[in-house]
Amino acid sequence: MLSAFLTASCIPQSSATPPSPAQHHPTIVSLNPCTDAILAEVADPAQILAISHYSHDPRSSSMDMSEANRFPATRGTVEEVLALKPDLVLGSTFTDPATASAYSRLGLRLGRLGMAMTVEENHAHIRQIAALVHQPQRGEALIARIDAALNAAAPRPGTQPIPAVVWQSGGMVPGDGTLIADVLRRTGFTNFAAARGLGQADLLPLERMLADPPALILVAGQSAETGKGDDRVLSHPALKALKTTRRAHLNPKLLYCGGPTLIAAADRLAIIRNQILPGTGRGTAAGGGGAYPHKTTHPVTAK
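Predicted model, so just to flag it, every value in this text is computed and none were measured. (Residues numbered from 1 in each chain as written. Predicted model: local features only at pLDDT ≥ 70, side-chain atom pairs only at ≥ 80, totals over all residues. Heavy atoms only, no water.)

*Asks:* I'm lost on the sheet that holds strand β11 (residues 246–249) in this one. Help?
*Replies:* In spatial order, the strands read β8-β6-β10-β11; together these four strands make up an open sheet with parallel pairing. Lying at the two open borders of the sheet, with one neighbouring strand each, are β8 (189–191) and β11. Across the sheet, the mean angle separating the axes of adjacent strands is 35° when strand polarity is ignored. Two elements, strand β6 (residues 162–168) and β8, share three bridges in a ladder whose sense is parallel. The residue bridging Ala 164 from the neighbouring strand is Asn 191, located in β8. Taken strand by strand, helix α12 (residues 261–276) contacts β6, β8, β10 (216–220) and β11, and its axis lies near 155° from that of β11. (Pairing = 2+ DSSP bridges. Helix = DSSP H or I, 4+ residues; strand = E, 2+ residues; numbered from the N terminus. Axes fitted to C-alpha atoms, helices over the stretch in contact; angles between N-to-C directions. Contact = heavy atoms within 4.5 Å.)

*Asks:* Would you mind showing me how to read the sheet that holds strand β5 (residues 110–113) here?
*Replies:* Note: strands within a sheet are paired through backbone hydrogen bonds, in either parallel or antiparallel orientation. In space, the five strands of this open sheet follow the order β3-β2-β1-β4-β5, with parallel pairing throughout. The outermost strands of the open sheet, each flanked by one partner alone, are β3 (73–74) and β5. As judged from the two bridges shared by strand β1 (residues 28–30) and strand β2 (residues 48–52), these two strands associate in the parallel manner. Across the sheet, Ile 28 pairs through a bridge with Ile 48, a residue of β2. In this fold helix α3 (residues 33–42) packs onto β1, β2 and β4 (88–92), with an angle of close to 145° to the strand it touches most, β2.

Here it is as structure tokens:
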């Protein structure tokens, strides 16, 4: 007994103490394309049991299709989700109440996130998702990448903002309390529609656009519902009469989700701004921009 005691007493405490069990990383089923894209950035692949079927459709996915196809997808039915036995179901505030109630009765934990209206709210959502999957450091890494992209896409101090309308199918425009409006402001644009009293999902008729045109129309006409290109309003021949207004394409998939989508949105908007006002980017060698040259006949054609 004495020999055993002396032997044990010579073992360092770090070796004598049994290691604590590894932290459990919960498994997830995501029901929303916006959370799908964030999960793919912050969770281990083995944690993601399924993503939403929207992310397997190039018309509505916020992910690269090669990335999305790495994961199974569901339509979010209770039967599909229950069969996967996740630790957590990640949905949105728009999740059908009856479905949410069924998840609860069956013992499935449901996390519900709203729509981020600002970059700050987007960052809070990323931190929330990263905490749910027990990967907070990866959430902070994604936020750092987004902040770096927004900083690189910001105009030089003193650059005059470009009045722009994001014109969607049917003439719909986003209001000021939207994520894309915040990104527009950070990348050197003003929300022309909001300045004229139009709110979220209001319609800007062709006639009003012709009577009071902005400096730039960001055409975001392809809809997730139809998959078709710009509709009759957005490509109307009468728009050719707007000699002082430029038009550029903005992929509608950049309008709705935060997370890594903000990186692509910031990059695209910076390209458009720099074509209109060369030398206004922070990463350029040219000096800061002056006033916006309102009269121009050269359209922005980059896709």
